[in-house]
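Structure assessment
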Amino acid sequence: MANAVTRTTAHSGYTASRKRRRYSKQFQRPAQEKSLLPGLPDHVAQLCLSHVDPSLLFSVCSSWRRLIYSPSFPPFLSLYALLSSDYHHNNSIHLSSFDPISTTWHHVPPPPQLSIVHRHPSFISRNLPIQTITVCGNLILLAGTTHNFLPALPRPLIFNPLSQTWRYGPALSSPRRWCAVGALGGAVYVASGIGSHYRTDVARSMEKWDIQEKKGSGCEWEWMKMKGIKDGRFCRDAVDAVGWRGKLCMVNVKGDAAKQGLMYSVERDEWEAMPEGMVAGWRGPVAAMDEEVIYGVEESKGALRRYNPRWDGWEEVIESERLKGAEQMVAAKGKVCVVYSGGSGIAVVDVVASQPRMWLLECPPGFRAISLHILPRMTRS
């Protein structure tokens, strides 16, 4: 299959690309014209313009560009990346957002000060995992490791891109790392893992946090204990519990190695074996599109595949050298985004096009991607 691959060069910082600046200057209105649409009140004009593609509005005039980033305009989706520095002595973690309209990377306000480590001198050949997920339009930082090999997060941190604010979630009954994390139907799930040391009860446990409801006299969130796993084999690696059709699907190790798989039914609060064909084709990072369609990359071959439950097998979508060694991926609204080449770049695949297409997106200079998320764009003044 011939692959259509293009490269997107993004600009770091807060300025739009030169091409868009030149184009938009041709259509800017005089400064004294403040109405969005002449002859219409602004609130009516906003209703009309909300049905127009934001990329078109961006290219017309400055007032329309301001509008698409305002709190009152329906937010379009952006790509968020958790990044680590290219410099090995620098252990800092950053979060940045790629705006697909202006094709620029933007800094995200940093979270409260954390003692979290991605590189450790005791681990030369691998990095320590930092586990994040997306739920209800929020990014949630759930698990990581400190310099002393302790759980870095006794309670999760939540970032809301519309308000650009961080806040704390409910305290975990057993803070952990090297666990399975996932989201389904507006709820966050944490399973297995280890704390400061291995404990059987933690390795077999499962907790749920429904981010859409609050309980208790103080209207605080809380974690609920769910049915545990029958053994602790899922604490060997930090893995994704992929939400798909009312179930959480997870395997016990990452990569192309042989693995075991389990599925958790949210409705029945029961664990069951993963179908043989699904676990056999789980050969790298996996993500679900809107909790309905599962995509995975066979990292040794560089093939992006789609799981077909009707015959319990995987169908090839596209194959590319760039996808070899894929480390993490996310899927939403017809696009699959994959971290490749040790985090130096991001491949974006349009999987709903009649002929799948792929774009290559560079990370901000001096950084490598750890994980990806698709969330609403940040509000800007």
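Check the entry above for the structure.
One structure accompanies this document, and this report is about it. (Residues numbered from 1 in each chain as written. Predicted model: local features only at pLDDT ≥ 70, side-chain atom pairs only at ≥ 80, totals over all residues. Heavy atoms only, no water.)

Considerations on the side chain of N308
Its place among the elements puts N308 in strand β20 (residues 303-308). There is a polar contact of 2.9 Å between the side chain of N308 and the backbone nitrogen of R310. The contact partners of N308, leaving out residues within four places of it in the chain, are G313 and E315. (Helix = DSSP H or I, 4+ residues; strand = E, 2+ residues; numbered from the N terminus. Polar contact = N/O pair within 3.5 Å; in protein donor to acceptor, adjacent residues only side chain to side chain. Contact = heavy atoms within 4.5 Å.)

Points about the sheet that holds strand β15 (residues 247-251)
Reading across the sheet, the eight strands line up as β13-β12-β11-β10-β14-β15-β16-β17 and stay open at both edges, with mixed pairing between neighbours. The strands lining the two open edges of the sheet, one partner per strand, are β13 (224-225) and β17 (270-273). Two elements, β15 and strand β16 (residues 261-265), share five bridges in a ladder whose sense is antiparallel. Looking across to β16, one finds that L248 is bridged to Y264. (Pairing = 2+ DSSP bridges.)

Quick notes on the packing of aromatic side chains
Using the criterion set out here, one finds nine aromatic pairs in the structure. Look at Y307 and W314: their rings are 5.3 Å apart centre to centre, the planes differ by 55°, and that puts the pair in the tilted class. In this pair, the class of Y307 matches that of W314, namely buried. Through pairs of rings, three or more aromatic residues link up here, namely Y189, Y264 and W271. We note R65 situated over the ring of F58; from NZ or CZ to the ring centre the distance is 5.6 Å. (Phe/Tyr/Trp six-rings, centres within 6.5 Å; stacked < 30°, edge-to-face > 60°. Buried < 20%, exposed > 50% of the residue type's maximum accessible area, 1.4 Å probe, protein only. Lys NZ or Arg CZ within 6 Å of the ring centre and 35° of its normal.)

Here's the deal with the pattern of salt bridges
Inspection of every chain in the model, using the stated rule, returns 14 salt bridges. Notably, a salt bridge pairs R199 with D201, separated by 2.6 Å at the nearest N-O pair. With relative accessibility at 46%, the residue D201 sits in the partly exposed group. A salt bridge links E315 to R306, with the nearest nitrogen and oxygen atoms 3.6 Å apart. Judged by relative accessible area, E315 falls into the partly exposed class, the value being 26%. Beyond isolated ion pairs, a larger network of salt bridges with shared partners links K247, R268 and E272. (Salt bridge = Lys/Arg side-chain N within 4 Å of Asp/Glu carboxyl O.)

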